[in-house]
Amino acid sequence: MTHPKEERTFVMIKPDGIQRSLVGEIVKRYERVGLKLIALKMFVPKEEMVEQHYLLDPNWKRIVGEKAIESYRKKGMNPPSGKPEEVGERVLQGLKKYLTAGPVVAMVWQGAHAVEVVRKITGGTEPRSSDVGTIRGDYVLDSYQMADTDGRAVRNLIHASGSLEEAEKEIPHWFSKDEIVNYKIVQEKILYDVNLDGILE
Ligand code: GDP
Ligand code: MG
């Protein structure tokens, strides 16, 4: 097993994040918690890369569909379809349009519990209900209701891997090995060093 401090996660600032001039703010949030940026690039994603990205998890369409149907029922509303796969497919079509609409910034972050910590800082999928203090909660206001009324994907600024398994598939999907930089930063000494014996003179 690798040490927890070596965990890596994939993050993409979606086109709305770039348009809202939030690249610096978003990078700052992950930096200040102590994570290390080990890869970064800007580009306009190709539609097939976006589709493959979401289908890396063969169950993603069904899970997203089930979640969407459940959120409709909770509000006493009828979902657009009762079939999770169909609802998932609709979300995927929306995501292809959303993520190819302009440049994105893709990154890899490394550090203790990187997947979990990044998701915590990023906040829940729906900005309307994501916590205050998270990036999605603080900087955007979209909702499932609004997105589905208008037949588009929820605009929530960021993609972040949802699990270690997802991260391990998404990183090589978007980055080649030589785009990832292995290096040390001095703060790792205080975050992870066991003996703290390098401070006093
Ligand atoms: P994430 O891991 O928090 O990004 O959420 P998911 O993996 O469940 O969904 C991927 C993306 O699809 C989300 O970030 C949203 O942009 C969009 N999305 C998810 N669920 C819905 C939904 O029920 N309706 C719509 N319109 N978009 C959704
Ligand atoms: Mg996800």
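Residues numbered from 1 in each chain as written. Chains lettered and ligands numbered in written order. Predicted model: local features only at pLDDT ≥ 70, side-chain atom pairs only at ≥ 80, totals over all residues. Heavy atoms only, no water.

The name given to the protein in an unreviewed UniProt entry is nucleoside-diphosphate kinase. Word for word, the UniProt comment on the protein under Cofactor (unreviewed entry) is "Mg(2+)". (UniProt positions renumbered as here; feature names shortened; annotations may be inferred.)

Chemist: Requested: an account of the pattern of salt bridges, with residues and values cited.
Modeler: A full pass over the atoms with the stated rule returns 11 salt bridges. Across the pair Lys61 and Glu89 runs a salt bridge whose closest N-O atoms are separated by 2.6 Å. Linking Lys61 in helix H4 (residues 60-74) with Glu89 in helix H5 (residues 84-99), this pair joins segments that are 28 residues apart in sequence. According to the relative accessible area criterion, Lys61 is buried, its value standing at 18%. The exposure class of Glu89 is partly exposed, given its relative accessible area of 28%. The partner of Glu66 in a salt bridge is Arg62, and the shortest N-O contact between them spans 3.3 Å. Highlighted residues: Glu66 and Arg62, both in helix H4, separated by four residues, approximately one helical turn. Using a relative accessible area of 37% as the deciding quantity, one classes Glu66 as partly exposed. (Salt bridge = Lys/Arg side-chain N within 4 Å of Asp/Glu carboxyl O. Helix = DSSP H or I, 4+ residues; strand = E, 2+ residues; numbered from the N terminus. Buried < 20%, exposed > 50% of the residue type's maximum accessible area, 1.4 Å probe, protein only.)

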